Structure formats: C-alpha cells, structure tokens
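# Analysis of the macromolecular model
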Amino acid sequence: MTTELWQELENQVSEIITGGSPESRLISAINQVRADAGLSSMNQLLDSMAEEHNSMVCRGIPAHSQLKSRGAKYGLSSGGEIWYSTSSPFTGYPSFEAEAVDWWMNSQLHKSIMLGNYSKVGVDVMNCNGTQHFTAVFGN
C-alpha cells in the first residue's frame, strides 16, 4: 500500500471514529451537559432498555406507562426516561442529537431527569417511518 493510500485510509477511519453513531453522539451530548453542571458522566449500561422503549413507540404502545416494570427487568431500583421524536431538524441545529438534548434541557421535567443523581444511562436512536426517535434511560 502506498503512503498516499495509507493516509487516505487513516483519514477515512478518523472521520468515522470522530463522527460516531447517532447513539454515541447522543451519549456524548448528555455527558457534556452533565459535566457542564458539575456532574459525573454515566456508565452506558441500559441501551437495551432504551431500544425496547423506541420499539414500543414505533408499535404505538405508550412506553412511559411501563417504566417501572421494564426498569425492574434491568435491575434498576430507581430511574427516569426521556424521549424526543422529530421528522426534520429545526434550523440552526447541527444534528438531530443536538436538537433532542436542547429540547430536553428546555423542559424542566426532562432536564431534572437528565441531571438527576443516576449512575447508568442507555440511549437509542431509531428511525420509524421517517421519524427519528431519541430515547435516554437513566437509572441506579
């Protein structure tokens, strides 16, 4: 492999790593908001629970109503769940993830969950019929 090809490959890999998945960008944004508030980042252990929530939403099942039973299944003693859905980003947002986190921070209830005393988090981003669903699950 020539030096030029190797450099091009390294650049492509770097772009992939720094861009990351929607889920990695969402957890990074959440942890940045928590850091800005003087809180610690969280262990990402509840992704399956967040994915389960989005699957329920896509099937038309009211997912918030079953938080306690789903939380117990994942070993949580306490927790909170926030979600946001959008079909197109608002002007001025660099990404869907930034839009979701900004919306959560401007809602007192969602903000209190995101900045709560939790040690575990799970995130999921799912496209369902052209609508992006963002879920973050927090717990202990």
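Analysis parameters
- Residues numbered from 1 in each chain as written.
- Predicted model: local features only at pLDDT ≥ 70, side-chain atom pairs only at ≥ 80, totals over all residues.
- Heavy atoms only, no water.
- Helix = DSSP H or I, 4+ residues; strand = E, 2+ residues; numbered from the N terminus.
- Buried < 20%, exposed > 50% of the residue type's maximum accessible area, 1.4 Å probe, protein only.
- Contact = heavy atoms within 4.5 Å.
- Areas by Shrake-Rupley, 256 points an atom, 1.4 Å probe, with all protein chains shown as cover.
- Core = buried A, V, L, I, M, F, W, Y, C linked by side-chain atoms within 4.5 Å.
- Expected span 1.5 Å × (residues − 1).
- Arc of directions from axis to C-beta.

Check the secondary structure of the protein and you find six helices and four strands. Shown N-terminal to C-terminal, the secondary structure of the protein runs as helices and strands in the order α-α-β-α-α-β-α-α-β-β. Looking at the protein residue by residue over its 140 residues, the buried ones come to 36%. Summarising the internal contacts of the protein: among those between residues at least 6 apart in sequence, 62% fall at separations of at least 24. Taken as a whole, the protein presents about 8,000 Å² of accessible surface, with 53% of it coming from carbon and sulfur.

This part covers the nonpolar core. By size, the foremost hydrophobic cluster in this structure holds 19 residues, and its most contacted members are L26, I30, W104, M114 and F138. Among the secondary structure elements, those contributing two or more residues to this core are α2 (22-36), β2 (79-86), α5 (96-105), α6 (108-114), β3 (120-128) and β4 (131-139). With four residues, the single largest contributor to this core is α2. Counting five residues, the second-largest nonpolar core is a separate cluster that includes L46, M49, A50 and V137.

What follows covers α2. One turn of an α-helix holds 3.6 residues; hence residues three or four places apart share an orientation. Along its 15 residues, α2 runs 21 Å from first to last C-alpha, staying within 8% of the 21 Å computed at 1.5 Å per residue. Taken residue by residue, α2 has L26, I27, I30, N31, V33 and R34 as its buried positions. Taken end-on, α2 shows its buried residues confined to a sector of 155 degrees, consistent with a single buried face. Looking at the buried positions of α2, the neighbouring elements they touch are β1 (43-44), α5, α6, β3 and β4. The first or second residue beyond α2 is G38, which carries a positive phi of 80 degrees.

Everything listed here is a matter of geometry and, on its own, says nothing about what the molecule does.
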